[in-house]
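Residue-level structure breakdown
The primary structure of each chain is shown beneath.
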Amino acid sequence: MIPRSLRVAAGAASLLLMAGCAGNATPSSSGSGSTGPIVVGASMALSGQINLASTLAGYQMKINEINKAGGLDVGGAKRKIQLKVLDNRGDTSTMLQQVRTLVLNDGASALLGSCCQENIDMEAQADALKVPLVEVDLPVELLPPGKGYTWDAFQSLADAAHQLYQIAGTISTNKKTLIVTDNDAQGISTAKLWTQLGQQAGFTAASTKAVPTGTTDFSNVIASGKSSGAQILIASMTPPDCFAMWKQMKALAYTPKLAIGLQCAQTPGWGSLGSLGNGTLVVVNWTKTAGLPYTAQVIKEYGAKFPSLTDLASVAGGYHAADILLAAIKQAGSDHPQAINKAMGTVRITSALGLNSFKNNKSITPTYLGQWENGGIAQVWPTKGAVPLKPLSGLK
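All values reported here derive from a predicted model rather than from experimental measurement. (Residues numbered from 1 in each chain as written. Predicted model: local features only at pLDDT ≥ 70, side-chain atom pairs only at ≥ 80, totals over all residues. Heavy atoms only, no water.)

Focus: the packing of helix 2 (residues 92-105) against helix 3 (residues 116-129)
At a minimum axis distance of 10 Å, the contact between helix 2 and helix 3 shows a crossing angle of 35°. The handedness of the crossing between helix 2 and helix 3 comes out as right-handed. Listed contacts from helix 3 to Thr92, Met95, Leu96, Val99, Arg100, Val103 and Leu104 of helix 2 are Glu118, Asp121, Met122, Gln125 and Leu129. In terms of residue class, the contact of helix 2 with helix 3 is built from seven nonpolar, two polar and three charged. (Axes fitted to C-alpha atoms, helices over the stretch in contact; angles between N-to-C directions. Helix = DSSP H or I, 4+ residues; strand = E, 2+ residues; numbered from the N terminus. Left-handed = near helix turned anticlockwise from the far one by under 90°. Contact = heavy atoms within 4.5 Å. Nonpolar A, V, L, I, M, F, W, Y, C, P; charged D, E, K, R; others polar.)

Okay, here's the thing in structure tokens:
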């Protein structure tokens, strides 16, 4: 469920990026009386298997917009925003150390998140350092209880499940599902939630499988889907694992009438499956046809660089997170982390992913279902009237 670009990058060295900086200005000191730039930090995966360049572009888009206007109004003074980003290459230990460096050495007043499991792991650091952290790319149900310094603005797993079961009700199936997830805590929680919500909607989890990341042989999983008669496939795994399973489904003649890739199908690489990937449903938090704010601006600025819908959705997500954080800084009238964190809970703005309004540090953004068609994604749900925006093709 967590929309991201996965690419193999050439370099693995630590990368430092600064967006919207004012020359060689040093980080500001805390307090509303300062006029120097306010430092915002982020430790992100920008090389290796996961590349969050599109999310970073969204952060930069919003910060550049503010800086070009002369800066952010903070306590009556215009302050530039200095974004410092470190590439953690998807390594948790590196990320944890980088967060400390950004706050303790670089003077970051607040943090912007990474993706997925890293967002979960980053929460403890934000709590320990007492610095506000704004995240997207983590379903709100997966944010663990913390000390109140992490703010998650993203989709709800429950909303995605409700939509999947609604759309499944528009076609003829036996309402039996095969649920396949990674065997980590996130995967197990996802399977449990989707099973429960499926039961409420009249669907039965005929088979549930949890597999280790890196699994290459899915013959037993596919056999269980066939023997149980499951006509709906729900898969939440890393992209390489899903790629392997979809190829083996074709070889073993397992053709569910409906299939969704909660995590894997959100990468542009899904199009490399060709016809095997066609008809696969995907959960997205933004589409060109959803009518969300700033859609035209996102497309104009990054449509050529990021032609994939999932990448553009990540740009919108990054813009949304940065917009929330900057609104909190402005509302606080200070760059002091405690003041920003206190203001965060009252931030109510409409940005690139819709209305933001936190409750228990979580703000639920809209959810849409798309369908892969010849290398692209078309929105199929929510409906207009009584039919999906596009007809469901199913797997072939």
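A short note on the packing of aromatic side chains
Geometry of an aromatic ring pair is reported as the spacing of the ring centres plus the angle between the planes. Overall, the coordinates contain seven aromatic pairs when judged by the stated rule. Here Tyr294 and Tyr319 contribute two aromatic rings whose centre-to-centre distance is 5.0 Å and whose plane-to-plane angle is 45°, an arrangement assigned as tilted. Of the two residues, Tyr294 sits in the loop between strand 13 (281-284) and helix 8 (295-302) while Tyr319 sits in helix 9 (residues 309-332), which places them 25 residues apart along the sequence. Using a relative accessible area of 1% as the deciding quantity, one classes Tyr319 as buried. One aromatic cluster in this structure is built from Tyr165, Trp194 and Phe203. Sitting over the ring of Phe203, Lys175 keeps its end group 5.3 Å from the ring centre. (Phe/Tyr/Trp six-rings, centres within 6.5 Å; stacked < 30°, edge-to-face > 60°. Buried < 20%, exposed > 50% of the residue type's maximum accessible area, 1.4 Å probe, protein only. Lys NZ or Arg CZ within 6 Å of the ring centre and 35° of its normal.)

Quick notes on the pattern of salt bridges
Going through the model one piece at a time under the given rule, you end up with four salt bridges. The partner of Lys62 in a salt bridge is Glu65, and the shortest N-O contact between them spans 3.0 Å. Taken together, the residues span about one helical turn, with Lys62 and Glu65 both in helix 1 (residues 53-68) at a distance of three residues. Residue Lys62 is classed as buried on the basis of its relative accessible area, which comes to 7%. Judged by relative accessible area, Glu65 falls into the partly exposed class, the value being 37%. (Salt bridge = Lys/Arg side-chain N within 4 Å of Asp/Glu carboxyl O.)

Focus on the pairing of strand 10 (residues 204-211)
Across seven bridges, the pairing between strand 9 (residues 176-182) and strand 10 is parallel. Across the sheet, Thr177 pairs through a bridge with Ala205, a residue of strand 10. With helix 5 (residues 185-200) bridging strand 9 and the parallel strand 10, this β-α-β connection has right-handed handedness. (Pairing = 2+ DSSP bridges. Right-handed = clockwise from strand over helix to strand, strands pointing away.)

A short note on helix 4 (residues 157-168)
Relative to the 16 Å expected for twelve residues at 1.5 Å per residue, helix 4 spans 16 Å between its end C-alpha atoms, a close match to the ideal helical length. In terms of burial, helix 4 is a largely internal element, nine of the twelve residues being buried. For helix 4, the side-chain oxygen to backbone nitrogen distance between the N-cap and Ala158 is 3.1 Å, and the N-cap itself is Ser156. (Expected span 1.5 Å × (residues − 1). Polar contact = N/O pair within 3.5 Å; in protein donor to acceptor, adjacent residues only side chain to side chain.)

Here we look at the pairing of strand 12 (residues 258-261)
Both faces of strand 12 are covered, namely the face carrying Leu258 and Ile260 and the face carrying Ala259 and Gly261. Alignment of strand 11 (residues 232-236) against strand 12, held across four bridges, turns out to be parallel. Counterpart to Ile232 in the pairing with strand 12 is Leu258.

Quick notes on the side chain of Gln379
Structurally, Gln379 is set in strand 18 (residues 376-381). A polar side-chain atom of Gln379 sits 2.7 Å from a polar atom in the side chain of Thr287. Within polar-contact distance, the side chain of Gln379 engages the side chain of Thr289 at 2.5 Å.

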